[in-house]
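The lines below spell out each chain.
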Amino acid sequence: MQVPFLSFEPQHKPLREAMQNAFARVYDSHWYVLGREVEQFEKEYASFSQVAHAVGVANGLDALVLALRALEIGPGDEVIVPSNTYIATWLAVTQVGATPVPVEPDPATSNLDPACIEAALMPRTRAIMPVHLYGQACRMTEIMNIATRHGLFVIEDNAQAQGASYAGQYTGSFGHVNGTSFYPGKNLGALGDAGAITTNSNDLAQRIRVLRNYGSQRKYYNEVMGYNSRLDELQAALLRVKLPELPTWTLQRQQVAAWYDKHLDGIAGLRLPVVAQGATHVYHLYVIHTEHRDALQQHLTAQGIGTLIHYPVPPHRQQAYHGLDLAAGDYPIATELAATCLSLPIWPGMSEDHVAAVAVAIRNF
Ligand SMILES: *Cc1c(COP(=O)(O)O)cnc(C)c1O
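Residues numbered from 1 in each chain as written. Predicted model: local features only at pLDDT ≥ 70, side-chain atom pairs only at ≥ 80, totals over all residues. Heavy atoms only, no water.

The line we're drawing: UniProt positions are given in the numbering used here, feature names are shortened, and annotations may be inferred rather than shown by experiment.
By the naming in an unreviewed UniProt entry, the protein chain is DegT/DnrJ/EryC1/StrS family aminotransferase, taken from Hymenobacter cyanobacteriorum. Quoted straight from UniProt, the Sequence similarities (unreviewed entry) entry for the protein chain says "Belongs to the DegT/DnrJ/EryC1 family."

## What to know about unusual backbone geometry
Most peptide bonds are trans, and most residues other than glycine sit at a negative phi. Basically, it comes down to this: Segments assigned H or I by DSSP are reported as helices when at least four residues long, segments assigned E as strands when at least two residues long, and all are numbered from the N terminus.
Following H310, the chain continues to Y311 via a peptide bond in cis, the omega torsion being 10 degrees. By the secondary structure assignment, Y311 is in the loop between α11 (293-302) and α12 (332-340). Phi is positive for L34, which is not a glycine, with a value near 45 degrees. Tracing the sequence through the fold places L34 in the loop between α2 (16-29) and α3 (36-49). Within the chain, Y331 stands out as a residue other than glycine whose phi angle is a positive 60 degrees. Relative to the helices and strands, Y331 resides in the loop between α11 and α12.

## Points about the pattern of salt bridges
Inclusion rule: For this analysis, a salt bridge means a side-chain nitrogen from Lys or Arg found within 4 Å of a carboxyl oxygen belonging to Asp or Glu. For every residue, the accessible area (1.4 Å probe, protein chains only) is compared with the maximum for its type, and the residue is labelled buried under 20%, exposed over 50%, or partly exposed between those bounds.
With the rule as written, the count across this model stands at 15 salt bridges. K13 is the partner of E9 in a salt bridge, and the nearest nitrogen-oxygen pair spans 4.0 Å. Among the residues examined, K13 registers a relative accessible area of 62% and is labelled exposed. For E44, the salt bridge is made with R240, and the minimal N-O distance between the two is 2.9 Å.

## Concerning the site of the ligand
Defined as follows: The criterion for a residue being near a molecule or strand is simple. One of its heavy atoms has to lie within 4 Å of it. Distance and chemistry together define a polar contact, namely a pair of N or O atoms within 3.5 Å, with one atom able to donate a hydrogen and the other to accept it when in protein, and with adjacent residues in sequence counting only for side-chain atoms on both sides. Method for areas: the Shrake-Rupley scheme with a 1.4 Å probe, in which residue coverage is limited to the protein chains shown. Amino acids outside the nonpolar list (Ala, Val, Leu, Ile, Met, Phe, Trp, Tyr, Cys, Pro) and the charged list (Asp, Glu, Lys, Arg) are all regarded as polar, and Gly is one of them.
Around the ligand lies a shell formed by N59, G60, L61, Y86, A88, V131, D157, A159, Q160, S181 and K186. Residue G60 places a main-chain N or O atom 2.8 Å away from an oxygen atom belonging to the ligand. Here a nitrogen atom of the ligand and a side-chain polar atom of D157 are 2.7 Å apart. When the ligand sits alone it has 380 Å² of accessible area, and the protein chains cover 90% of it. Of the residues in the shell around the ligand, the class split is 5 nonpolar, 4 polar and 2 charged.

## Notes on α12
Applied cut-off: Residue contacts follow a heavy-atom distance rule, with two residues in contact if any of their heavy atoms lie within 4.5 Å.
Every buried residue of α12 is accounted for by A334, L337, A338 and T340. Next to the buried residues of α12 lie β12 (286-289), α11 and β13 (341-344).

## With respect to the pairing of strand β2 (residues 78-82)
Rules: When DSSP locates at least two bridges between a pair of strands, those strands are taken to pair. Orient the strands so they point away from the viewer, and a crossover whose first-strand-to-second-strand path over the helix runs clockwise is right-handed.
For β2, the buried fraction is high: 5 of the 5 residues fall into the buried class. Residues E78, I80 and P82 point to one face of β2 and V79 and V81 to the other, with burial holding for every one of them. The pairing of β2 with strand β3 (residues 99-103) spans 5 bridges and is classified as parallel. The residue of β3 that forms the bridge with I80 is V101. For the handedness criterion, the β-α-β arrangement of β2, helix α5 (residues 87-95) and β3 is classed as right-handed. Where β2 and strand β4 (residues 125-128) come together, 3 bridges link them in parallel fashion. Within the sheet, the bridge partner assigned to E78 lies in β4 and is T125.

## Points about the UniProt feature "active site" (unreviewed entry) in the protein chain
Within this numbering scheme, the UniProt entry marks K186 as carrying the feature "active site" (unreviewed entry). Mapped onto the elements, K186 comes out in the loop between β8 (178-181) and β9 (195-199). You can call K186 buried: its relative accessible area is 16%. Excluding residues that lie within four positions of it along the chain, K186 makes contacts with A159, S181, R253 and H284.

Structural data, given as structure tokens:
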């Protein structure tokens, strides 16, 4: 049985007509940037996230950049980031001129280890950026306590974890200002690039509304050096169709993960995802670890099973960050996780037969 890494078919097929109606509504409105659809989506996404404000922006990276700018973090400032995240987290920090300070993850969950944060704090540290990697919430109670104790801001990178929670509270609602992505493959995906910030602060929400639109509140009067990073009406209208489905899709992802847990149980040398106490996992990705990762991936590819590696090179070893002067041997946990991780197929609507086929192929290997 062929199993693609990701299929949109079961999510998109039943929504075809509703999506076409949303398109027609925007098409006929003759208003395409920052209008009623964006306003409504922002209200609906804020309500979903249980925060006071959501502000739509062009993509997830911009959401993190605007969050840092709104907090006036820039040159000379240091920001704690995970050593094993997607590069966007680091790029946001370097784009505003600040310095990323990597902290190692808990190897069991791949999420930032709160116990390692305090040792990395310096006089110029301004913020912590936890990433809810693969869809699992970080241990936010401990992270918020550390931030409060040291007077730091928290910016959650919630690109992979819409709908996850820690101690019963949604990700994207803990930090002072948080970013998320609606890249098509994310748990809530647009049909193109899109993102949002979430915050409970009126002031920060207002600053980001200004920053995303050329630093202007009143057309042609510019208060700050802003960006063009607006969520467009069409993507907002399409996201409004998909958002009500997200809780069902999350349950389906969690069901697929439970099937994997069952079918892959007891295979020597294979480590399955671990969920920390108090956290929920929305399985943006189902990531296993093995010393034989490359050979296993080749074996699965030959059987028609799609897999990906998230991520093969940790940011400190990327050529882009050559200049940061971080030694290759630093961050051994990030390096080890990058060498052993493999993301198996997972998408809402995937069947237990698909999961069983993947598991049989892994057992045969
Ligand atoms: C996808 C992603 C981003 C960036 O989102 P884009 O919309 O692609 O800019 C940031 N951080 C993480 C962890 C991501 O997975």
